[in-house]
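Spelled out from the first residue to the last, the chains are:
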Amino acid sequence: MDEKINVTIVGYGNIGRGAHLAIGNPDNSDMNLVGIISRRPEIVANEVRNIPVFDANDEASWRGLDADVAILCGGSAEDLPKQGPYFAQFFNTLDSYDDHPHIPPYHDKKTGKDMPGYFKDMDIPARESNHTSAISIGWDPGLFPLIKILSDSFFSGMKSYGFYGLEPRGGLSMGHTNAIKRLKGVMDAAQYTHAYPEAMKRVRSGENPDLKPGDMHWRECFVSVEEGVDKEGMKGIEKKIKKMPRYYKPYYTEVNFISQEEMDANHSDMPHDGVVIAAGTTGDGHKVLMEFKVQWESNPEATASIMVPYARAVYRANQRGDYGAKTIINLLPDSVSSSSKEELIERI
Ligand SMILES: NC(=O)c1ccc[n+]([C@@H]2O[C@H](COP(=O)([O-])OP(=O)(O)OC[C@H]3O[C@@H](n4cnc5c(N)ncnc54)[C@H](OP(=O)(O)O)[C@@H]3O)[C@@H](O)[C@H]2O)c1
């Protein structure tokens, strides 16, 4: 490998830590972590040794950083809508933005305004500064829509479905968990998504059923509350959770209140899994079944392991002069891989 690709991590939470570990993988030895940018520089510097840590709010401190790609690891709800367009002015970027309905243009019911959506919000600053910004890289969004788009192109008339939380314990959804954690009175939370096996059976049979979100999954929540929150307070929290539009309202939802000790003992890991299924027939009515399944013991580590190699693709696209926002379908596998062209052809 010629010169190393210099990367910086912006935001040091679960995904940020996962990205740090993934950069250390031997397959990513062409990458060099030149610094971490955080809004909590002292805390992060205490955790990370030998890597310079910069204050995200002190632009002058990191403006001159020699980074080819900034891996943005902030949260999708509050951080990335601001941090994405901001950092795209200074660096090529990569993120795992997962607020699916807000990626394309959308209508904001609260304000009554038509919004450009995250893709456009990133495309404009990236183009204006000759940068390349890969958005929504991970498994979903990321690998799952990529597989769905391909299977829908191969088998016309067939629908592809995504199911999550296949194991008895379910899959811990970070976005849904964070939505509960933001509620007043909540100390900690964990939300497990469960797929309905009957719905998966219908899809596998080739029926191509019309399924609403609540027909495919249900949600199980564990919540610990702050001191002073009584039974009435808990009832209020449960009501608020169940009423949350998009996150909980469309689903059958169970809320269990537990102690913080129980939370720490049983819900501090972050497992997740899921499968894309497409079934139907080809030509003369011959059956087709396509499945793409993932199982993660640590969702953030797995997501970050998918993100980090895309820094290579972002860097290469930018070197070619391919500026603006990109999604996983615009970045080709040969630019993601660290293998040479010759090695890749041999594997094909
Ligand atoms: N596409 C996919 O497949 C996929 C899969 C999983 C997750 N995701 C996305 O990844 C996003 C990030 O997830 P995450 O689990 O890394 O979120 P997180 O741990 O909450 O971290 C988000 C940000 O919060 C700050 N932070 C972290 N710990 C903190 C603390 N103790 N106190 C105050 N601030 C803290 C960090 O920024 P500072 O360092 O600047 O403070 C960090 O960048 C999620 O919102 C989700 O949208 C995508």
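Residues numbered from 1 in each chain as written. Predicted model: local features only at pLDDT ≥ 70, side-chain atom pairs only at ≥ 80, totals over all residues. Heavy atoms only, no water.

Participant: Describe the pattern of salt bridges, and please don't skip the residues or the numbers.
Facilitator: Considering all chains together, one arrives at 16 salt bridges under this definition. Note that Arg63 is salt-bridged to Glu59, the shortest N-O span being 2.6 Å. We classify Glu59 as partly exposed; its relative accessible area is 26%. (Salt bridge = Lys/Arg side-chain N within 4 Å of Asp/Glu carboxyl O. Buried < 20%, exposed > 50% of the residue type's maximum accessible area, 1.4 Å probe, protein only.)

Participant: I'd love a proper account of the pairing of strand β4 (residues 69-72), names of residues and values included.
Facilitator: Burial along β4 is two-sided: Val69 and Ile71 facing one way and Ala70 and Leu72 facing the other are all buried. Relative to β4, strand β1 (residues 5-10) is paired through four bridges, and the arrangement is parallel. Residue pairing across strands places Val10 opposite Leu72, the latter belonging to β4. By the bridge criterion, three bridges tie β4 to strand β5 (residues 92-94) in an arrangement that is parallel. (Helix = DSSP H or I, 4+ residues; strand = E, 2+ residues; numbered from the N terminus. Pairing = 2+ DSSP bridges.)

Participant: Account for unusual backbone geometry, with residues named and values stated.
Facilitator: For residues besides glycine, phi is generally negative; the peptide bonds are generally trans as well. Here the bond from Asp140 into Pro141 is cis, since omega is 5°, no more than 30 degrees from zero. Tracing the sequence through the fold places Pro141 in the loop between β8 (132-134) and α6 (143-154). Despite not being glycine, Ser136 shows a phi value in the positive range, around 55°. A positive phi angle is found at Arg246, which is not glycine, with a value near 65°.

Participant: I'd like a rundown of the sheet that holds strand β13 (residues 253-257), residues and numbers included.
Facilitator: Pairing between the strands of a sheet comes from backbone hydrogen bonds, and it takes one of two forms, parallel or antiparallel. Reading across the sheet, the four strands line up as β10-β11-β12-β13 and stay open at both edges, with mixed pairing between neighbours. One side of each edge strand has no neighbouring strand; the edge strands of this open sheet are β10 (171-172) and β13. Relative to strand β11 (residues 186-195), β10 is paired through two bridges, and the arrangement is antiparallel. Following the sheet pairing, Gly171 is matched in β11 by Thr193. Helix α10 (residues 231-243) rests against β11, β12 (217-225) and β13 of the sheet, and its axis sits at about 150° to β13. (Contact = heavy atoms within 4.5 Å. Axes fitted to C-alpha atoms, helices over the stretch in contact; angles between N-to-C directions.)

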